[in-house]
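Coordinate analysis (summary)
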Amino acid sequence: MSSSEAAHSAHNPYLAHHFDTMEQQDHAARLGMWLFLATEVLLFGALFLGYTVYRWMYPQTYQECANLLSIPMGATNTVVLITSSFTAAWAYHSIKVNQIKKGLALLAITILFACAFLVIKYFEYKHKFDVGELPGKWYSYEGLQAPGANLFFAVYFLATGLHGLHVVIGMTVLSIIGYRTIKGRYHSGNYVGVELGVLYWHLVDLVWIFLFPLLYLI
Amino acid sequence: MTNLSTKAQESHHEDHGIGRYVAVFAVLLVLTGVTVWTGEMNFGNWNIIIAMAIAIVKASLVVLFFMHLWDEGPVNRLIFVVSVIFVGVLILFTFGDLMFRIPGLLPNFIQADDVPKVMHAPHGGH
């Protein structure tokens, strides 16, 4: 790294002293985020394995249990999450091109969609608690007494619960990004933080893209 | 490392505007409709294959264009693809074990044909 190059990028106050250039710093940040996303894929991968094994052991029960879930609610939540993913990508683009107000509005819309997702999920959960479609020994739904039904709902609550936790974390991350953008930290000269937070939100969408057909449709 | 990272950054700095996001968003909505539509029909064993094929296409669109892996450098692509491959290995190898075990040795295992369509609650008056 020549001294002239270092001097050229030295004016950017967001460049940490242990990096030569902003590009190098962004590259390291993206690498770290993708490593983290890879561990998330493995985390959910283990749950998908559990789903697959129990499905193989109790194929008919799985189909009957899937019929107990509300496709309209699941499909609505799919559309809600896909739309929120789109508005998150749009928010990132807006902040990147210095349209700060638009970016903030889009971040707020994304968080509202996340709330809508959780509200719909709450009504689904509440119904299952009311009728006893619960995991393990708590399963007491009389409309379907079949071996493996309690396993289906164990997988259902673990998978959607872990996913719901990710939704809450994602909302927190997006809120922090919004706050920092208001404070003037993120703009066309420094946007990699927005990019990485939005990547996390896309991961939440990504997991749901698989959960929806596996749990509700087949 | 320098060459690698420089190449990645150059491509990453391309800005495609929001047109690409809108197109991907539209395709994702259409595919969601298709997967709900095909999910309500009965193709037997093909149900799961059709649903997973659509989910994989949707997930690829999200990863490549919303998450910019299309423009990302080779290292980040490798990391993500390897994680997906390892989930595949996890599931395939577990199935290799499950499929070649003696069924009776599996915990609570019941042959698919033996499972009554619906078993009534034990207190259902005998």
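Since this is a predicted model, take the numbers as computed values, not measurements.

**Observations concerning the overall build of chain B**
In terms of helices and strands, chain B carries four helices and zero strands. Mapped from its N terminus to its C terminus, chain B presents α and β elements in the order α-α-α-α. Evaluated residue by residue, chain B yields a buried proportion of 18% over its 126 residues. Here the contacts in chain B between residues at least 6 apart in sequence split such that 60% fall between residues at least 24 apart.

**A word on the interface of chain A and chain B**
The interface of chain A with chain B comprises 45 residues on the first partner and 44 residues on the second. The element that contributes the greatest number of residues to the side of chain A that touches chain B is helix α2 (residues 22-57) of chain A, accounting for 18 residues. Grouping the constituent residues of the side of chain A that touches chain B by class yields 30 nonpolar, 11 polar and four charged.

**Structural notes on the packing of α2 of chain A against helix α7 (residues 192-217) of chain A**
Think of two packed helices as two axes; the pair is described by the angle between the axes and how far apart they sit. Residues and elements named next belong to chain A. For the pair α2 and α7, interaxial distance at closest approach is 11 Å and the crossing angle is 15°. As the angle between them shows, α2 and α7 are arranged roughly parallel. Seen from above, α2 lies across α7 with right-handed handedness. Residues D26, A29, M33, L37, E40, F44, F48 and Y51 of α2 form the contact with α7, whose participating residues are V192, L196, L199, L203, V207, F210 and L214. Here the contact of α2 with α7 is composed, by residue class, of 13 nonpolar, no polar and two charged.

**Some remarks on the environment of G148 of chain A**
All names here are of chain A. One can find G148 in the loop between α5 (100-131) and α6 (149-182). Taking the number of C-beta atoms within 10 Å as the measure of exposure, G148 has 21 and is therefore buried. Along the sequence, G148 and P135 sit 13 residues apart, while their C-alpha atoms lie 9.9 Å from each other. Excluding residues that lie within four positions of it along the chain, G148 makes contacts with Y54, M57, Y58 and T61.

**A word on the confidence of the model for chain A**
Predicted confidence across chain A gives a mean pLDDT of 91, with 95% of residues reaching 70 or more. Predicted confidence is poor over residues 1-6 of chain A, with pLDDT under 50, and the contacts of this stretch with residues over four places away or in other chains come to four contacts.

**Some remarks on the nonpolar core**
Ranked by internal contacts, the top residues of the largest apolar core, which has 69 residues, are A89, A91, F152 and V198 of chain A. Residue assignment for this core shows that the elements contributing at least two residues are α2, α3 (59-68), α4 (71-96), α5, α6 and α7 of chain A together with α2 (19-40) and α3 (46-66) of chain B. Broken down by element, the residue count for this core peaks at 17 residues, all from α7 of chain A.

Rules behind the numbers
Every chain is numbered independently, its residues counted from 1 as its sequence is written. By the order in which they are written, chains take letters starting at A while ligands take numbers starting at 1. The predicted origin of the model limits local features to residues at a pLDDT of at least 70 and limits the giving and counting of side-chain atom pairs to 80 or more, whereas totals for whole chains, interfaces and linings rest on all residues. Numbering of helices and strands runs from the N terminus; a helix is a DSSP stretch of H or I covering at least four residues, while a strand is a stretch of E covering at least two. The exposure label follows from counting other C-beta atoms within 10 Å of a residue's C-beta, where the C-beta atoms are placed from the backbone and the thresholds are 20 or more for buried and 12 or fewer for exposed, leaving partly exposed in between. The contact criterion used here is simple: two residues whose C-beta atoms, placed from the backbone, lie within 7 Å are in contact. Charged residues are taken to be Asp, Glu, Lys and Arg, nonpolar residues to be Ala, Val, Leu, Ile, Met, Phe, Trp, Tyr, Cys and Pro, and polar residues to be all remaining types, Gly included. Axes here refer to lines fitted to C-alpha atoms; in helices the fit is confined to the stretch in contact. Angles between the N-to-C directions go from 0 to 180 degrees. Roughly parallel here means an angle under 35 degrees, roughly antiparallel means over 145, roughly perpendicular means 65 to 115, and every remaining angle is called oblique. Here a crossing is called left-handed whenever its near helix is offset anticlockwise from the far helix by less than a right angle, and right-handed whenever the offset is clockwise. The predictor reports its confidence for every residue as pLDDT, a score running from 0 up to 100. Any nonpolar core is a set of buried residues, restricted to Ala, Val, Leu, Ile, Met, Phe, Trp, Tyr and Cys, that join up through C-beta atoms within 7 Å.

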